[in-house]
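# Summary of the model geometry
Residue strings, one per chain:
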Amino acid sequence: MKEKRGLIAFDDLNLNIITPGFCTLCGACEAACPVHAIRIEENKIHYDDCSDFLDFCPICYDICPHTEPLVMEAMKFVASAPLRRSALGYYRKIILAQSVNPKIREASHSGGIVTSMLAQAMESGMIDSAVISEAKPSTPLTLKPQIGLVPDDILSAVDSKFSPSSVAKAFGNAVREYGKTKIAFVGVPHQILAIRKLEAWEHKIMSSLEVTIGLFCLWIFSLDRLLNYLKERHHIEHSDITRMDLTDKYIISTSHGTVELPTEEIMPHILNKCKTCMDFTSELADISVGGAAPLENWSTVIIRTKKGEKLFQNAVDAGVIRTMRIEEQENTLTHLLSMAMRKKMIAREEAESMRMKGVAIPPIDQTLIFLHRDRSVMADTKVRDIMTKEVITVTPNITVSHLLDIMTRHHHMGYPVVNEKDELVGIVTFEDIMKVPKERRTDARVSQIAKKKLITATPDSSALEAFERMRRHEIGRLIIVDPSNPKKLLGVLTRTDIMHALGREA
Ligand code: SF4
Ligand code: SF4
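Residues numbered from 1 in each chain as written. Chains lettered and ligands numbered in written order. Predicted model: local features only at pLDDT ≥ 70, side-chain atom pairs only at ≥ 80, totals over all residues. Heavy atoms only, no water.

### Details of the overall build of the protein
- The helix and strand tally for the protein stands at 21 helices and 20 strands.
- The C-alpha atoms of the protein give 23 Å as radius of gyration, which agrees with the globular expectation for 506 residues (23 Å, within 12%).
- A principal-axis box enclosing the C-alpha atoms of the protein has dimensions of 70 × 60 × 50 Å.
- Here the protein holds 506 residues, and the buried ones make up 54% of them.
- Here the contacts in the protein between residues at least 6 apart in sequence split such that 67% fall between residues at least 24 apart.
- Accessible area for the protein stands at about 22700 Å²; split by element, carbon and sulfur atoms hold 50% of it.
- The positive charge centre, built from 64 side chains, and the negative charge centre, built from 65, are 4 Å apart in the protein. (Helix = DSSP H or I, 4+ residues; strand = E, 2+ residues; numbered from the N terminus. Rg over C-alpha atoms; globule rule 2.2 N^0.38 Å. Buried < 20%, exposed > 50% of the residue type's maximum accessible area, 1.4 Å probe, protein only. Contact = heavy atoms within 4.5 Å. Areas by Shrake-Rupley, 256 points an atom, 1.4 Å probe, with all protein chains shown as cover. Lys, Arg positive; Asp, Glu negative; His and termini not counted. Charge placed at Lys NZ, Arg CZ, Asp CG, Glu CD.)

Right, here's the structure in full:
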């Protein structure tokens, strides 16, 4: 038997991703492989030993969305956006939108924004093709990747996904087989990350990427397992399912009615990797699109980059979509934030519990959650160099609804509370607001809900100490105070500030 050479990335990919069951069949490794040694067929990865052709190749491991390399580099595609929320990532604007065409809205089960933007971009020549996923009406949960070449091809694009689809592989085919040079790519968060990693790698097929559209994604399923379960336990056939919604519960609409299941019941059927995935809104896409619950027939749109803005504006200017300010729908914004935070929280808890049990964790989550690789950089970085110094504060006597207005305007999730003597007296966060019933928000004061016990650090602490303190106290931000006067506020440090700083170091 031929001896394996040590520098072939597929060996690591197999060991760390495929064998432990973390592969989500995105197809990026197939698209990237320089000698076409990897193929995805029948929902399985097939591999012809590439060491027959190459002595050294790192690419398939590096660009897999579940491995640690290139993550910081991938973030740079969106990091110039002026706004950032820990729940949603970087962005320029959040808006509600819907297609003016009711048939498109009906087919999409929401605002029909992905279809409308793509069809208009194709009409106007902004793109020459789109990589999408499509489902047959008779088996709506089985997806297959498609390359849309004319506007009519786009009409069957799904804008929510519940099962794997090898769209990154289809992107490679759009370039190599169809010679497309202005491609729009539509995918869920891990598929967008795979495309961003390919861009960061400067893979030659990426010069054909025009824009990425990310779909909101809670989790996707191992389809066979899920369908067997639904059939055996709830007597639901795949062909009866007309629609699925995954929010705080799992809603299956069939030709006979609607069945609602708690998410815990279907958790065992989600893909292994999804259990530790922290990205709900496709944080690295040019533009992200998802539902606008509790509103029906509208989509939430998060514009993150100038490319995303251009795609969206092109559809608005052509009159194919209409918009509404998200600030007019407080419940939609609240729902979006709570879904995004919930996914991150479940992922962190799951990763922590897997770690305690000694079970393998996808390498990317080790990086994102525990930041092992960057501990030495963090130890050498001072809080004073990465903290936010221009801090927006609130006073104790403003009402909770006033505070909510401030949050909506400034897009921060937590505010130090400072009294009339300019002394730091507490901190108030979005979670504190959510505990106040809606009807009480015009009367309740910040002083009644703010936390008085502050977790602080000083400017001379290291980023590593600060990060460990956040982890220990399970919080997302630290208040930075003057070491000689703990009531004097000097700044705020968030987990994202640390990640951002590490990104600059990378
Ligand atoms: S790149 Fe995609 S298809 Fe390849 S191993 Fe990773 S998740 Fe699976
Ligand atoms: S939950 Fe994450 S890993 Fe799972 S399908 Fe969605 S984006 Fe991919």
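### Section: the packing of aromatic side chains
- Within this structure, the stated rule accounts for 4 aromatic pairs.
- Seen in terms of ring centroids, F10 and Y47 are 3.7 Å apart; in terms of plane orientation they differ by 15°. Their pairing is stacked. Of the two residues, F10 sits in helix α1 (residues 9-18) while Y47 sits in strand β2 (residues 44-47), which places them 37 residues apart along the sequence.
- Relative accessible area serves as the criterion here: at 24%, Y47 is assigned to the partly exposed category. (Phe/Tyr/Trp six-rings, centres within 6.5 Å; stacked < 30°, edge-to-face > 60°.)

### Points about the domain arrangement of the protein
- What the domain assignment lists for the protein is domain 1 (9-63), domain 2 (78-218 + 276-352), domain 3 (221-269) and domain 4 (371-505).
- In this structure, domain 1 and domain 2 have C-alpha centres spaced 26 Å apart.
- Every contact between the two is made by 14 residues of domain 1 and, on the other side, 16 residues of domain 2.
- Counting the surface lost from both domain 1 and domain 2, the interface buries some 1300 Å², and carbon and sulfur atoms represent 62% of this.
- Contact with domain 2 buries area across many residues of domain 1, yet C26, A31 and I63 alone supply 39% of it, more than any other trio.
- The partner of E30 in a salt bridge is K169, and the shortest N-O contact between them spans 3.7 Å.
- The tally of links between domain 1 and domain 2 comes to 9 residue pairs in polar contact (both at pLDDT 80 or more).
- When residues of the side of domain 1 that touches domain 2 are traced back to their parent elements, those giving at least two are α2 (28-32) and α3 (59-63).
- Residue contributions to the side of domain 1 that touches domain 2 peak at 4 residues, all from α2. (Domains from an automatic or database assignment. Buried area = accessible area lost by both parts, 1.4 Å probe. Salt bridge = Lys/Arg side-chain N within 4 Å of Asp/Glu carboxyl O. Polar contact = N/O pair within 3.5 Å; in protein donor to acceptor, adjacent residues only side chain to side chain.)

### Examining a nonpolar patch on the surface
- A surface patch of nonpolar side chains, about 250 Å² in accessible area, is lined by L149, V150 and Y178.
- By the secondary structure assignment, Y178 is in the loop between α8 (167-176) and β8 (183-187). (Patch = residues over 30% accessible without salt bridge, like charges linked within 9 Å, V, L, I, M, F, W, Y side chains within 5 Å.)

### Quick look at the site of ligand 2
- The immediate surroundings of ligand 2 are formed by P189, H190, C217, L218, W219, I220, K273, C274, C277 and K343.
- For the shell around ligand 2, the per-class residue count stands at 7 nonpolar, 1 polar and 2 charged. (Near = heavy atom within 4 Å. Nonpolar A, V, L, I, M, F, W, Y, C, P; charged D, E, K, R; others polar.)

### Let's talk about the site of ligand 1
- What surrounds ligand 1 is a group of 13 residues, the closest being C23, C26, G27, C29 and C64.
- Partitioning the shell around ligand 1 into residue classes produces 10 nonpolar, 3 polar and no charged.

### Focus: the pairing of strand β7 (residues 139-148)
- Where strand β6 (residues 129-136) lies against β7, 7 bridges are found, and the strand directions are antiparallel. Residue pairing in the sheet places S133 in a bridge with P145 of β7.
- Where β6 folds back onto β7 in an antiparallel hairpin, the turn is made up of 2 residues. (Pairing = 2+ DSSP bridges.)

### A short note on the sheet that holds strand β14 (residues 299-303)
- A sheet is described by the order of its strands in space; here 8 strands give the open sequence β7-β6-β8-β9-β13-β14-β5-β15, paired in mixed fashion. In this open sheet, the two edge strands, each paired with only one partner strand, are β7 and β15 (321-325). Adjacent strand axes in the sheet meet at a mean angle of 30°, parallel and antiparallel pairs treated alike.
- When strand β5 (residues 93-99) meets β15, the two strands line up antiparallel, connected through 5 bridges. (Axes fitted to C-alpha atoms, helices over the stretch in contact; angles between N-to-C directions.)

### Overview of the sheet that holds strand β12 (residues 257-262)
- What the 3 strands build is an open sheet, ordered β10-β11-β12; its pairing is antiparallel. The strands lining the two open edges of the sheet, one partner per strand, are β10 (241-246) and β12. Neighbour to neighbour, the strand axes of the sheet diverge by 15° on average, direction disregarded.
- Relative to strand β11 (residues 249-254), β10 runs antiparallel, the two sharing 5 bridges. Across the sheet, the residue bridging to R243 is S253, located in β11.

### Regarding the side chain of S461
- Mapped onto the secondary structure, S461 falls in the loop between β18 (456-457) and α20 (463-473).
- Engagement of the side chain of S461 in a polar contact is seen with the backbone oxygen of T458, the distance being 2.8 Å.

### Quick word on the nonpolar core
- In terms of nonpolar packing, the biggest core is built from 87 residues, with L118 and Y250 touching the most fellow members.
- Beyond its immediate sequence surroundings of up to four residues, L118 is in contact with I127, A130, I132, I154, A184, V186 and I213.
- Counting residues in hydrophobic clusters, the runner-up holds 49 residues, among them I17, C64, I205 and I361. (Core = buried A, V, L, I, M, F, W, Y, C linked by side-chain atoms within 4.5 Å.)

### Looking at unusual backbone geometry
- The amide bond that connects A293 to the next residue, P294, takes the cis arrangement and shows omega of 5°.
- Looking at where P294 falls in the secondary structure, it is placed in the loop between β13 (287-291) and β14.
- In the Ramachandran plot, E202 falls in the positive-phi region, its phi being about 65° despite a non-glycine side chain.
- On the secondary structure map, E202 appears in the loop between α9 (189-201) and β9 (209-215).
- Positive phi outside glycine occurs at S282, with the angle close to 55°.
- With respect to the helices and strands, the residue S282 is situated in the loop between α11 (263-266) and β13.

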